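Results of the structural survey
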Amino acid sequence: MSADYVLETRNLVKEFKGFTAVDDVNLKVERGTIHALIGPNGAGKTTVFNLLTKFLTPSRGTILYNGADITSMKSAAIARKGIVRSFQISAVFPHLSVMENVRIALQRKEGNSFHFWKSVKVLDKLNERAYELLDEVGLKDYANALTVDLPYGRKRALEIATTLALDPEMLLLDEPTQGMGHEDVSVVADLIKKVSANRTILMVEHNLHVVAQLADTITVLQRGAILTEGDYETVSQDPQVREAYMGVEADDEVAQAIAAANVAEKANAAKGGTE
Amino acid sequence: MKINKLYLFLIVVALVAPSLVYPVFLMKLLCFALFACAFNLLLGFVGLLSFGHAAFLGTGGYITGYLMLETGITPELGILAGTLGAGLLGAIYGKLAVKREGIYFAMVTLALAQLAFFFYLQAPFTGGEDGLQGVPRGALFGLIDLSDNFAMYYFVLAIFIFGFWLIHRTVHSPFGQILKAIRENEPRAVSLGYNVNDYKWVAFIISSALAGLAGSTKTLVFQLASLTDVHWHMSGEVVLMTLLGGMGTIFGPLVGAGVVVSIQNLLSGGELGNYINIIMGVIFIICVLAFRSGLVGEFQKLMKKNFN
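Computed from a predicted structure; not experimentally measured. (Residues numbered from 1 in each chain as written. Chains lettered and ligands numbered in written order. Predicted model: local features only at pLDDT ≥ 70, side-chain atom pairs only at ≥ 80, totals over all residues. Heavy atoms only, no water.)

Two quantities define a packed helix pair, namely the angle between the axes and the distance from one axis to the other. Residues and elements named next belong to chain B. Their axes nearest at 10 Å, the elements helix α10 (residues 232-245) and helix α12 (residues 276-290) cross at an angle of 40 degrees. With respect to α12, the element α10 is oriented oblique. Regarding α10 and α12, the two cross each other, and that crossing is left-handed. From α10, Leu-240, Leu-243 and Leu-244 reach across to α12, where they touch Met-280, Ile-283, Phe-284 and Cys-287. For the contact of α10 with α12, a count of residues per class yields 7 nonpolar, no polar and no charged. (Axes fitted to C-alpha atoms, helices over the stretch in contact; angles between N-to-C directions. Helix = DSSP H or I, 4+ residues; strand = E, 2+ residues; numbered from the N terminus. Parallel < 35°, antiparallel > 145°, perpendicular 65-115°, else oblique. Left-handed = near helix turned anticlockwise from the far one by under 90°. Contact = heavy atoms within 4.5 Å. Nonpolar A, V, L, I, M, F, W, Y, C, P; charged D, E, K, R; others polar.)

What follows is the structure in structure tokens.
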């Protein structure tokens, strides 16, 4: 059975003056899966994201989306094609209301975004859809709040609602749970699971619990190159990965995190079995 | 409802004002207020600091002045030509400038505006250092003689209200929503699929055309187009007006222009006239240090704190 890839990179390279941040990366993201990109700090995960969405221009290599070469397209055009990304810090419009945030995304397909002579009231017909989206992420009651006043976890939920408003085929999430407390992490993880239906998700994530819980495939990056790839079981057993993560300093915390994640996953699996 | 009452009140004040205050002063105030509002569209609602808006004010003024002197067209056509000319220049400058951000955007606009300044200094039809003097006001639609200051005032008021309305509409339009999104978080706007440079460009054109409208009107009021209007001092003054009044507020630039023009008028005659730049400088420093959101911005905060 030949796999169906939504996004594919071929020999992707990014060089900054004498330093290779991304080195010959061949990434294949299968349709309908959640694919995680992990690796130690400075491994080039975010750079790969920036290359895929053209916030950076690759030095060499090609990017294919549904088989078509998108290497030379601009960021905004890639977003219109159906690949929408998030950022490490929550990407919202802080001094607009929660509702307005979602409407900015919905507005694009209306084709009136250059109409400076029309009243903003023409956008009111989008409200219903905006409410639906906010409801989906549990923000319906905050529709009229100013975004800057929301707690961090809710901002990220809003970001997801805004992204969903574009109905993208593919989501690129850059550390969606970064900087969150325990409760928020599980809320957002559930949300990602929920929105992954009929979509492909590529995510950078440090939290290995989340990776273990969500990812179908994991690619481990180290110093800009792919170290290994596979499902969680395979990757977490790989001695190279263990070394990459623990390095010479033998960081116990990470080892514990991996072990804990293993336990959590087994517990989850067991729970799934009894249900 | 409350806002509508405020507008109604302001219009009534504007209508009776010329019987109480010298109309030429009021016209000057309205011209600068329109200029500052046009500038604020970029700074306050897109987050772009243009340091070359004098180029558009001056271009509008010179085109209108030249046409009124040489061809004898009616004033409304002269103003229209000045506005379109400034808009066209804005389209060219804007296309180049929006490729850059932050301080680089400001520097590019300043450099381009200096280009315009030296062009107007050297060009044969601008009168060089003397400027274009004795520009006739003409008769509106060939009917209403504008040499009468009262008639001229109501014409200027109508132009101002139109310009103010257009800016207000732009800010509160689907287009304005995208501008605010760009101001708030540009990378996110890109990632949602918007070509942000195109939006900035259109906003730049609207802003420069309205700055040109202000310049054209000002030329008719003073019957003079001069290098003062294209000098970089003028670009700086509009920044001061906007910051003092409160950037990103609808009424801020209006209030800021009012304060600056009043102070200048008050001092220029008296013995403090020589210190005018020092006084403006001190005001600017106080404004930046003590009340960043400007007069209107601070007032709004106060209202929000005490009456919510």
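Let's shift gears to the confidence of the model for chain B. On average, residues of chain B score 87 in pLDDT, and 99% of them reach the 70 mark or higher. Per-residue pLDDT, averaged within each element of chain B, yields its smallest value for strand β2 (residues 139-140) of chain B (75) and its largest for helix α9 (residues 196-222) of chain B (93). (pLDDT = per-residue confidence, 0-100.)

All right, on to the interface of chain A and chain B then. In this assembly, 35 residues from chain A lie in contact with 26 residues from chain B. Note on chain A versus chain B: buried area summed over both sides is about 2600 Å², and carbon and sulfur give 65% of it. When the buried surface of chain A facing chain B is broken down by residue, Phe-93, Phe-114 and Phe-116 of chain A rank first, second and third, together holding 26% of it. One can count 0 salt bridges joining chain A with chain B. For the pair chain A and chain B, the interface holds 14 residue pairs in polar contact (both at pLDDT 80 or more). Among the secondary structure elements, those contributing two or more residues to the side of chain A that touches chain B are α2 (75-81), β7 (83-85), α3 (98-107) and α5 (152-165) of chain A. Looking at the side of chain A that touches chain B residue by residue, the classes come out as 19 nonpolar, 10 polar and 6 charged. (Buried area = accessible area lost by both parts, 1.4 Å probe. Salt bridge = Lys/Arg side-chain N within 4 Å of Asp/Glu carboxyl O. Polar contact = N/O pair within 3.5 Å; in protein donor to acceptor, adjacent residues only side chain to side chain.)

A few words now on the sheet that holds strand β10 (residues 217-222) of chain A. Residues and elements named next belong to chain A. The strand order across the open sheet formed by 6 strands is β7-β8-β9-β4-β10-β11, and the pairing between neighbours is mixed. With partners counted over all chains shown, the strands left at the sheet margins are β7 and β11 (225-230), one partner each. Shown here is a sheet whose adjacent strand axes are inclined to one another by a mean of 20 degrees, direction ignored. Alignment of β7 against strand β8 (residues 170-174), held across 3 bridges, turns out to be parallel. Bridging across to β8, Ile-83 finds its partner in Met-170. (Pairing = 2+ DSSP bridges.)

Further remarks concern the UniProt feature "transmembrane region" (unreviewed entry) in chain B. Residues and elements named next belong to chain B. UniProt feature "transmembrane region" (unreviewed entry): in the numbering of this structure it lies at residues 6-25, 32-57, 77-96, 103-121, 150-167, 238-263 and 275-295. Between the end C-alpha atoms of residues 103-121 the distance is 27 Å, and the span holds 100% helix and 0% strand. Structurally, residues 238-263 is divided into 77% helix and 0% strand, and its ends, taken at the C-alpha atoms, are 14 Å apart. (UniProt positions renumbered as here; feature names shortened; annotations may be inferred.)

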